[in-house]
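# Coordinates in review
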Amino acid sequence: MAVQCGWAAIDERGRASGGAAGDQTGYEVRLGSWYKFGQTEVFRWKDRDKAKKYAEIIKYWCSGNYVGYDQGQRITLGSWCKAHNWNYKVTAKVETDCSRMVADAINCTMKREVLPVTGIFWTGNLKTELMKTGLFTRYYAQKYLTSDQYLMIGDIINNPSAHVISSLGTGSKAAEKTPVTTKKPVATIAKEVAAGKWGVEPQRTTRLKAAGYTDAEILQVQKKVNEILGKPKTTLKTAKVIAAQGLRVRNKPTTTGSTIIRVLNYGTVVTCYGTARGPGATLWWKISDSRPEYVSADWLY
């Protein structure tokens, strides 16, 4: 049985742009069996859990009617997801195209803007942009291109001059295997990170994920590194957000009775204009010199 794939195809009139928002026919973005379209490369997620999440997102978009095809309005899907903290379950009629849908699904999978929503991203530069993320391995042997037997769920199948689709299943000769890994304790890894053995960001996080550490474990490592290095956050002028799913900015230094103003993406650099202690002596940073905007220092480094 052929591996199921998902892709953005064409608008309701058989044209590339100018149609109505949303999927008018049920086939503007679609599910279908793997097929040959001149593909020359396959990109495979290094993190298999991320691969499955990516496939889930592509399948969700291709199964509903909110996402349609229009090259002229291709950023509206990503813009909606970004505005809703990378929630992929869209509730408005939006548009995309084959390459932009891939980029937006990657962003939603990672819960951050890995590939800029308004950036230049198409099948022709897909290889360069995906490999820069450190999230993928590229395959170009014929066995990955001439049949679906060696595909895995979440694979991104590309023809640089024409089209890109995504695998939603696994081929008969590429069964998912549970890797046997021996992970070191968080405390041990933290000592190695503090000693510089895992490099610097963003390569450090990429290497830790490749070694099998989850986002939650990486956050634990970072907290432990902070303790080892003995860097009190109150002395920092700037710091980086290390919350994988984003850090909420509140109007008071507490999670109780405060209002969420906005959410900062992973990697955002903030400046400290003062500190405050919340309930339980939790340390908060004031990140604006003119407005009451606070973030928990537990998620900064």
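Above this text you will find the structure in question.
### Digging into the packing of helix 6 (residues 186-194) against helix 8 (residues 215-229)
For any two helices packed against each other, one specifies the crossing angle of their axes together with the interaxial distance. One can describe the packing of helix 6 onto helix 8 by two numbers: an axis separation of 8 Å at closest approach and a directional angle of 60 degrees. Considering their axes alone, helix 6 and helix 8 lie oblique with respect to each other. Handedness of the crossing formed by helix 6 with helix 8: right-handed. Every residue of helix 8 that contacts helix 6 at Val186, Ala187, Ile189, Ala190, Lys191, Val193 and Ala194 is listed here: Glu217, Gln220, Val221, Lys224, Val225, Ile228 and Leu229.

### Here we look at the pattern of salt bridges
Summed over all chains, the structure comprises 15 salt bridges. A salt bridge links glutamate 129 to lysine 132; its shortest N-O distance comes to 3.3 Å. Taken as a pair, glutamate 129 and lysine 132 lie in helix 4 (residues 126-133) at a separation of three residues, close to a single helical turn. You can call lysine 132 exposed: its relative accessible area is 61%. Arginine 291 is the salt-bridge partner of glutamate 293, the closest N and O atoms lying 3.1 Å from each other. Look at arginine 291 and you get partly exposed, because its relative accessible area is 44%. The network of salt bridges with shared partners includes Asp47, Lys50, Lys209 and Asp215.

### Focus: the sheet that holds strand 3 (residues 41-45)
Overall, antiparallel pairing links the six strands, which are arranged 2-1-8-7-3-6 in an open sheet. For this open sheet the edge positions go to strand 2 (29-33) and strand 6 (136-139), each flanked by a neighbour on one side alone. Here the strands of the sheet are splayed against their neighbours by 25 degrees on average, with no regard to which way each runs. Bridge count between strand 1 (residues 4-8) and strand 8 (residues 163-167): two bridges; the pairing is antiparallel. Pairing of cysteine 5 across the sheet is with serine 167, part of strand 8. Here helix 3 (residues 98-110) sits on the sheet in contact with strand 1, strand 2, strand 3, strand 6, strand 7 (156-159) and strand 8, set at roughly 40 degrees to strand 8.

### As for the packing of aromatic side chains
Here the structure, examined in full by the defined rule, presents seven aromatic pairs. Plain terms: the ring middles of tyrosine 35 and phenylalanine 37 are 5.3 Å apart, the flat faces sit at 50 degrees to each other, and that makes the pair tilted. Residue tyrosine 35 is classed as partly exposed on the basis of its relative accessible area of 27%. Looking at phenylalanine 37, the relative accessible area reads 15%, which means it is buried. An aromatic cluster is present here, built from Trp7, Tyr35 and Phe37 joined pairwise through their rings. Sitting over the ring of tyrosine 139, arginine 44 keeps its end group 4.9 Å from the ring centre. Above the face of the tyrosine 150 ring, lysine 143 is positioned so that its terminal group lies 4.5 Å from the ring centre.

### Considerations on the packing of helix 1 (residues 48-63) against helix 3
With their axes 9 Å apart at the nearest point, helix 1 and helix 3 run at an angle of 125 degrees to one another. Comparing the axis directions of helix 1 and helix 3 gives the class oblique. Handedness of the crossing formed by helix 1 with helix 3: right-handed. Residue-level inspection shows Lys50, Lys53, Tyr54, Ile57, Ile58, Trp61 and Cys62 of helix 1 in contact with helix 3, the latter providing Met101, Val102, Asp104, Ala105, Ile106, Cys108, Thr109 and Met110. Grouping the constituent residues of the contact of helix 1 with helix 3 by class yields eleven nonpolar, one polar and three charged.

Scoring rules and cut-offs
- Residues numbered from 1 in each chain as written.
- Predicted model: local features only at pLDDT ≥ 70, side-chain atom pairs only at ≥ 80, totals over all residues.
- Heavy atoms only, no water.
- Axes fitted to C-alpha atoms, helices over the stretch in contact; angles between N-to-C directions.
- Helix = DSSP H or I, 4+ residues; strand = E, 2+ residues; numbered from the N terminus.
- Parallel < 35°, antiparallel > 145°, perpendicular 65-115°, else oblique.
- Left-handed = near helix turned anticlockwise from the far one by under 90°.
- Contact = heavy atoms within 4.5 Å.
- Salt bridge = Lys/Arg side-chain N within 4 Å of Asp/Glu carboxyl O.
- Buried < 20%, exposed > 50% of the residue type's maximum accessible area, 1.4 Å probe, protein only.
- Pairing = 2+ DSSP bridges.
- Phe/Tyr/Trp six-rings, centres within 6.5 Å; stacked < 30°, edge-to-face > 60°.
- Lys NZ or Arg CZ within 6 Å of the ring centre and 35° of its normal.
- Nonpolar A, V, L, I, M, F, W, Y, C, P; charged D, E, K, R; others polar.

So far we have only geometry, and geometry alone does not tell us how the molecule works.
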